[in-house]
Amino acid sequence: MARRCCGCSVRCCCCLLVLTLLALAVTAAVVFARYKDGGNIFPIPGLPDPKYAEALAVALRFFQVQKSGKLVNNTIPWRGDSALRDGEDAKLDLSRGMYDAGDHVKFGFTMAFTGTMLSWSVLEYGDAMSDAQQRDAAMDALGWIMEFLVNAHPSDDVLYIQVGDPKSDHKCWERPETMSEKRPLTKITAKSPGSDVAAETAAAMAAASLVYKPGNATYASSLLDHAERLFKFADAHRGSYTRTFPELSAYYNSTTYQDELLWAAAWLYHATGNHSYLSYATGRNADEFADLGNPRYFSWDDKRAGTEVLLSRVMFFAGDGSDAGQDEVLGSYKDTADAVMCILLPESDTAAFRTEGGLLYVAEWNSLQHPVASAFLANVYSNYMATSGKSELTCSGKSFTALDLRRFAKSQADYVLGDNPMKLSYLVGFGDSYPQRVHHRGASIPAGVDTGCDGQEWLKSPEPNPNVATGALVGGPFKNDSFVDDRENVQQNEPTTYNSALVVGLLSGLLSTAPVAKSLS
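This structure is a prediction, so every number in the text was calculated from the model and none was measured. (Residues numbered from 1 in each chain as written. Predicted model: local features only at pLDDT ≥ 70, side-chain atom pairs only at ≥ 80, totals over all residues. Heavy atoms only, no water.)

1. Thoughts on the packing of helix α10 (residues 258-272) against helix α13 (residues 304-316)
Close contact between α10 and α13 brings their axes to 9 Å; oriented N to C, the two are set at 25 degrees. Relative to α13, α10 is oriented roughly parallel. The handedness of the crossing between α10 and α13 is left-handed. For the pair α10 and α13, contact is made by Asp 259, Leu 262, Trp 263, Ala 266, Trp 267, Tyr 269 and His 270 and by Arg 304, Gly 306, Thr 307, Leu 310, Leu 311, Arg 313 and Val 314, respectively. Of the residues assigned to the contact of α10 with α13, the class counts are eight nonpolar, three polar and three charged. (Axes fitted to C-alpha atoms, helices over the stretch in contact; angles between N-to-C directions. Helix = DSSP H or I, 4+ residues; strand = E, 2+ residues; numbered from the N terminus. Parallel < 35°, antiparallel > 145°, perpendicular 65-115°, else oblique. Left-handed = near helix turned anticlockwise from the far one by under 90°. Contact = heavy atoms within 4.5 Å. Nonpolar A, V, L, I, M, F, W, Y, C, P; charged D, E, K, R; others polar.)

2. Focus on the packing of helix α11 (residues 275-282) against helix α15 (residues 328-344)
With their axes 9 Å apart at the nearest point, α11 and α15 run at an angle of 65 degrees to one another. Here α11 and α15 pass one another in a crossing that is left-handed. Residues Leu 278, Ala 281 and Thr 282 of α11 form the contact with α15, whose participating residues are Val 329, Leu 330 and Tyr 333.

3. Quick word on the environment of Leu 520
Here Leu 520 is to be found in the segment after α21 (497-511). C-alpha separation for the pair Leu 520 and Leu 123, spaced 397 residues apart in sequence, amounts to 6.6 Å. Excluding residues within four positions of it along the chain, Leu 520 makes contact with Leu 123, Glu 124, Leu 210, Trp 267, His 270, Leu 310 and Arg 313.

4. Quick word on the state of the cysteines
When the sulfur atoms of two cysteines share a covalent bond, that bond is a disulfide. In the structure shown here, the tally under the stated rule is two disulfides. Here Cys 172 connects covalently by a disulfide to Cys 453, the sulfurs 1.8 Å from one another. On the sign convention where negative means left-handed, the S-S torsion of about -95 degrees between Cys 172 and Cys 453 marks this disulfide as left-handed. Of this pair, Cys 172 sits in the loop between α5 (166-169) and β5 (185-188) while Cys 453 sits in the loop between α18 (441-444) and α19 (456-460), placing them 281 residues apart in sequence. The partner cysteine of Cys 342 in its disulfide is Cys 395, sulfur to sulfur 2.0 Å. Between Cys 342 and Cys 395, the S-S torsion sits near -85 degrees, and that sign places the bridge as left-handed. Placement of the pair is Cys 342 in helix α15 and Cys 395 in strand β6 (residues 392-395), with a sequence separation of 53 residues. (Disulfide = S-S within 2.5 Å.)

5. Overview of the UniProt feature "active site" (unreviewed entry) in the protein
Following the UniProt record, one finds the feature "active site" (unreviewed entry) at His 439. You can see His 439 is positioned in the loop between α17 (402-416) and α18. Residue classification places His 439 among the buried positions, given a relative accessible area of 8%. Setting aside chain neighbours within four positions, we find His 439 in contact with Gly 102, Trp 173, Leu 459, Arg 487, Glu 488, Val 490, Asn 493, Glu 494 and Pro 495. (UniProt positions renumbered as here; feature names shortened; annotations may be inferred. Buried < 20%, exposed > 50% of the residue type's maximum accessible area, 1.4 Å probe, protein only.)

6. Section: the side chain of Ser 254
Within the secondary structure layout, Ser 254 lies in the loop between α9 (249-252) and α10. A distance of 2.8 Å separates the side chain of Ser 254 from the backbone oxygen of Thr 256, its partner in a polar contact. Beyond its immediate sequence surroundings of up to four residues, Ser 254 is in contact with Phe 109, Asp 196, Ser 240, Tyr 241, Thr 242, Glu 260 and Asp 301. (Polar contact = N/O pair within 3.5 Å; in protein donor to acceptor, adjacent residues only side chain to side chain.)

7. Focus on the nonpolar core
It is characteristic of soluble globular proteins that their nonpolar side chains tend to be buried jointly. One finds Trp 120, Trp 267 and Met 341 to be the most contacted residues of the largest nonpolar core, which totals 160 residues. Looking at which element gives the most residues to this core, the answer is helix α6 (residues 195-212), with 13 residues. The residues touching Trp 120, leaving out its near neighbours within four places in the chain, are Trp 263, Trp 267, Gly 306, Val 309, Leu 310, Phe 376, Leu 377, Val 380 and Tyr 384. (Core = buried A, V, L, I, M, F, W, Y, C linked by side-chain atoms within 4.5 Å.)

Encoded structure:
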């Protein structure tokens, strides 16, 4: 019997080909239309590479690995409930939140930054996340963090910024489910300030309020209330948390607190529309804190480049003749953001150093943090350029386009995912070859094994981890593109949740095929 298609005989199987070509043509037309905004074509040739969707799904899994507390709908078979009594000493529930890295400390500073970056990613690229069926996973991670941050702010001038003692924690090698050592709380107050961590937490809550606003206005309003009160606290009682608690400088030393104040003000402006926050960032504080004109790299410690891009958003989408569009200081923020972009572009005269394999290289420890963060900012900036139609970037007299920035972002993502001299994916669980001995306590010890504090045999074992820390973005290669897959190689092989938030934003951006919204509110 002849096979039939389209309701006719075998000779009509050509119908299938015709329909397939028609479908492709329609898809291309839709994608082309989505690139258009006000007559400008969004400069993304072809469809997004499906590997970015696969990698995004993998990256988001790490937040499930890092969860603390009573797990809900647990999808990681080797993880269980842990740290259920965190916060008890202060009569608070601080059991949720996420472990920072391969250890079991909850550092509020980096956890808040993780929340801010997840929110920014959802705000800019939520549709792309939805298309990849990953928005729910991002929202789940964000909600777990927000619950901790809200509970950590019981009153106006009190914020709990850490659970656990890093010194004693780092002496132990054990699973989080079986840890039994004391978990002391650290808090900032009016007399013991920490403007950096308070302002970063305010930024996280303000950004998250925008994410939740369309679907849960009541919760969004509550987050924004916390954010505004925390910003007021951070500004009124100025000081760095690692000056207040010098012993913590060995872990996440905050070099200044001023950048977080500007960062929080920028987010609060977007979240509230209140021009007092914009004035805060563009008035006297800009002169004192912003260091405009000097491009820097974006990280958990230095928010200046992020603030410059976020405030450039105001400039890109300001209406003709608007006050914002004419603001000289906002213009300086954008000029500095332009300079940041110029150091990222390999063909620019001010291009920063790259390894032979093409990785932007800034620091030996956790070397992937800066290129991934920079690639995220570059892709966001390219979206702003393309959507606004202000599509030319000048670097020392040379002209570049939004597509040039996107190519840079793509090159860094591709390096991370295996297009590098080691032919190794630095995203655990993605591809055929990735680190097997990740510096991660829970992953290195078989489920059900109670080592007490003394599980050093698992730290020192040359065998691959018995559990896969899926989604972990490890620290990354050295300057010569080399990598040593050893569990005791902390600087190269330890993952962090804030790295994961950055790579989630980068991958989501590379999946996006539409102009960004002109307003975050």
